[in-house]
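Residue-level structure breakdown
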Amino acid sequence: MRVISVINYKGGVGKTTLTANVGTELAWRGHNVLLIDLDPQSSLTFSLIRPEEWHERYKDRYTIKAWYDAFESGNELPMQNLIISPQRVNDRLDGNGRVDLLCSHLGLINVDLHLAAHLGGTTLQQSKRKFVEVHGRLAEGLSSLSQEAYDVVLIDCPPNFNIVTKTALVACDGILIPAKPDYLSTLGTTYLARNVNMLIEEYNSYANLPGGDPVEVIDPQVLGVVFLMVQEYDGEPIASHRQYIAEISRTEDMHVFPHYIKRNDTLFGDAPKNGVPVVLQGYDSGRYGGVASGLTGVVDDLAGRITEIEASMAQQEEEEQGRTLPRVVWSNEW
Ligand SMILES: Nc1ncnc2c1ncn2[C@@H]1O[C@H](COP(=O)(O)OP(=O)(O)O)[C@@H](O)[C@H]1O
Ligand SMILES: [Mg+2]
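Presented here is a report on the structure given in the accompanying data block. (Residues numbered from 1 in each chain as written. Chains lettered and ligands numbered in written order. Predicted model: local features only at pLDDT ≥ 70, side-chain atom pairs only at ≥ 80, totals over all residues. Heavy atoms only, no water.)

**A few points about the overall build of the protein**
The condition is simple: Secondary structure elements follow DSSP: runs of H or I of four or more residues count as helices, runs of E of two or more count as strands, with numbering from the N terminus. Computation of the radius of gyration draws on C-alpha atoms alone. For the globule rule, the value is 2.2 Å times the number of residues to the power 0.38. Only heavy atoms matter for contacts: two residues are in contact if any of them lie within 4.5 Å across the pair. This count recognises Lys and Arg as positive and Asp and Glu as negative, with His and chain-terminal groups excluded. Working definition for charges: the position is that of NZ of Lys, CZ of Arg, CG of Asp or CD of Glu.
Per the secondary structure count, the protein includes 13 helices and eight strands. Here the C-alpha atoms of the protein give a radius of gyration of 21 Å, agreeing with the 20 Å that 2.2 N^0.38 yields for 334 residues. Once the C-alpha set of the protein is aligned to its principal axes, its extents read approximately 75 × 50 × 40 Å. Across the protein, the fraction of contacts at a sequence separation of at least 24, relative to all contacts at a separation of at least 6, is 77%. Each charge sign in the protein was given a centre, from 28 positive and 44 negative side chains, and these centres are 6 Å apart.

Next up, the structure:
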């Protein structure tokens, strides 16, 4: 099970659109996918579920808010029991893979305050325990799921860096950053990368503290930036968009996905109402030309990037073992 957080501080850059389309395309390719809507605005939820259905069936019990609330009140609520299966998108998947959903709720806004109240402590040990407990909450929930149930979990994060967002970053293996090719969105990606690194350092400094239960350190990898809402002229991004894409590509350590998602207000504006993301709608000709191939291209890029990162991590591990192995053998002789 690979866990990917889709995040950018800025609203309206395409986080939800990217989460829905990447998840659905992966399911089309045969994977079992869990989408988690961590944004109180609940756009992902309402892109897949009709509002009246959510009100009637899911609002009170089947949301990620209910799950965080259970933590607050000290109850156990298995995450597995809260997951639902959105019908319209799954009908279109023809049984290839499937898309499941953990819905959001406007009340998730308050969860940050409740979680914050759990932090702190009179001793370092206590602070460590609470910090890890609170920030590791989502990681713990995901580890309680059957690891065979899902190939990929995609988390649609809210546009902030509050505690709930941090639980997603602690829980994930990879971070995907959607951006619009404009000044403020590109500015945001640099801040984001910096804050992610600070969070990783802080979490791991607690994890490495001696005493208490051992805590695994985290090492989420920034997968890269995906551009959405790109306008083309003659098959190329227009000059101003090209400039912002080039600017991020030049940023040190920031990978930009070669494929991007073209702007099309009609297709992307209507898709949430239909409950089926654009990538499954089969448009790729005439005035819709290049929209679907951009979306599937981004998923190809993502798969390639994950393979590349995993290979390099495996190699690094091997090298580290290679270095330590002689020492172990040597000390055994004594
Ligand atoms: N490629 C695109 N072309 C046109 N509109 C888009 C495109 N991608 C997203 N949108 C629209 O932009 C708005 C913001 O996208 P959304 O995915 O909700 O962003 P976020 O989750 O970051 O707030 C939505 O109305 C969405 O339909
Ligand atoms: Mg959103």
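There's plenty left to go through after this.
**Concerning the side chain of S42**
Our working rule: Polar contacts, as used here, are pairs of N or O atoms within 3.5 Å; protein pairs need one atom able to donate a hydrogen and one able to accept it. Residues neighboring in sequence count only if both atoms are side-chain atoms.
Inspection of the secondary structure assignment puts S42 in the loop between β2 (32-37) and α2 (43-48). In terms of polar contacts, S42 uses its side chain to reach the backbone carbonyl oxygen of P40, at 2.9 Å. Those residues in contact with S42, other than ones at most four positions away along the chain, are D37, S104, H105 and L106.

**So, the site of ligand 1**
Definition in use: Being near a molecule or strand, for a residue, comes down to having at least one heavy atom within 4 Å of it. Computed with a 1.4 Å probe, the accessible areas rest on the Shrake-Rupley method; for each residue, only the protein chains presented here act as cover.
Inspection of the region around ligand 1 gives 14 residues, with G12, K15, T17, K262 and N264 positioned closest. Measuring from an oxygen atom of ligand 1, one finds a backbone N or O atom of G14 at 3.0 Å. For ligand 1, an oxygen atom lies 2.8 Å from a polar atom in the side chain of K15. In the complex, 78% of the free accessible area of ligand 1, which totals 560 Å², lies under the protein chains. Sorting the residues of the shell around ligand 1 by element identifies α1 (15-28) and α12 (265-274) as the ones contributing at least two each.

**Points about the side chain of K262**
Spelled out, the test is: We call a residue buried when its accessible area falls under 20% of the maximum for its residue type, exposed when it is over 50%, and partly exposed in between, using a 1.4 Å probe and counting protein chains only.
Position of K262 relative to the elements: it lies in the loop between α11 (239-250) and α12. With relative accessibility at 18%, the residue K262 sits in the buried group. Setting aside its immediate chain neighbours within four residues, K262 contacts M229, V230, E232, F268, G289, G290 and V291.

**A word on the packing of helix α4 (residues 64-72) against helix α8 (residues 137-144)**
We apply this condition: Axis definition: a line fitted to C-alpha atoms, over the contacting stretch in the case of helices. Angles run 0 to 180 degrees between N-to-C directions. Just so you know how the angles are binned, under 35 degrees is roughly parallel, over 145 roughly antiparallel, 65 to 115 roughly perpendicular, and the rest oblique. We call Asp, Glu, Lys and Arg charged. Ala, Val, Leu, Ile, Met, Phe, Trp, Tyr, Cys and Pro are nonpolar, and the rest, Gly among them, are polar.
Running from N to C, α4 and α8 cross one another at 110°; their axes reach a closest spacing of 12 Å. Considering their axes alone, α4 and α8 lie roughly perpendicular with respect to each other. When α4 is examined against α8, the residues I64, W67, Y68 and F71 are found in contact with a partner set consisting of R137, L138 and G141. Its residues assigned to classes, the contact of α4 with α8 comprises five nonpolar, one polar and one charged.

**Quick notes on the environment of S185**
Inspection of the secondary structure puts S185 in helix α10 (residues 183-207). S185 has contacts with N8, K10, V13, A179 and K180, leaving out every residue within four places of it along the chain.

**Examining the pattern of salt bridges**
We count it as follows: By definition, a salt bridge exists where a carboxyl oxygen of Asp or Glu is found within 4 Å of a side-chain nitrogen of Lys or Arg.
This structure, assessed with the given rule, holds ten salt bridges. Across the pair E25 and R29 runs a salt bridge whose closest N-O atoms are separated by 2.7 Å. Among the residues examined, E25 registers a relative accessible area of 6% and is labelled buried. R29 sits in the partly exposed class, given a relative accessible area of 37%. Residues joined in a network through salt bridges with shared partners are E25, R29 and D300.

**Focus on the nonpolar core**
Put simply, the rule reads: We call a set of buried Ala, Val, Leu, Ile, Met, Phe, Trp, Tyr and Cys residues a nonpolar core when their side-chain atoms join them within 4.5 Å.
Ranked by internal contacts, the top residues of the largest apolar core, which has 58 residues, are I64, Y68, L138 and L142. Counting residues per element, this core draws most heavily on α10, which supplies eight residues. When neighbours within four sequence positions are excluded, L138 is seen to be in contact with L38, I64, W67, Y68, M79, I155, T167, A168 and A171.

**A short note on the sheet that holds strand β1 (residues 2-6)**
Let me state the cut-off plainly: Any two strands with at least two DSSP bridges between them are considered paired.
With parallel pairing, the six strands of this open sheet are ordered in space as β3-β2-β4-β1-β5-β6. Where the open sheet ends on each side, the last strands, each with one partner, are β3 (98-102) and β6 (221-227). Taken pair by pair, the neighbouring strands of this sheet meet at an average axis angle of 20°, ignoring direction. Bridging between β2 and β3 involves five bridges; their strand directions are parallel. Note on β3: the bridge partner recorded for I36 is L102.

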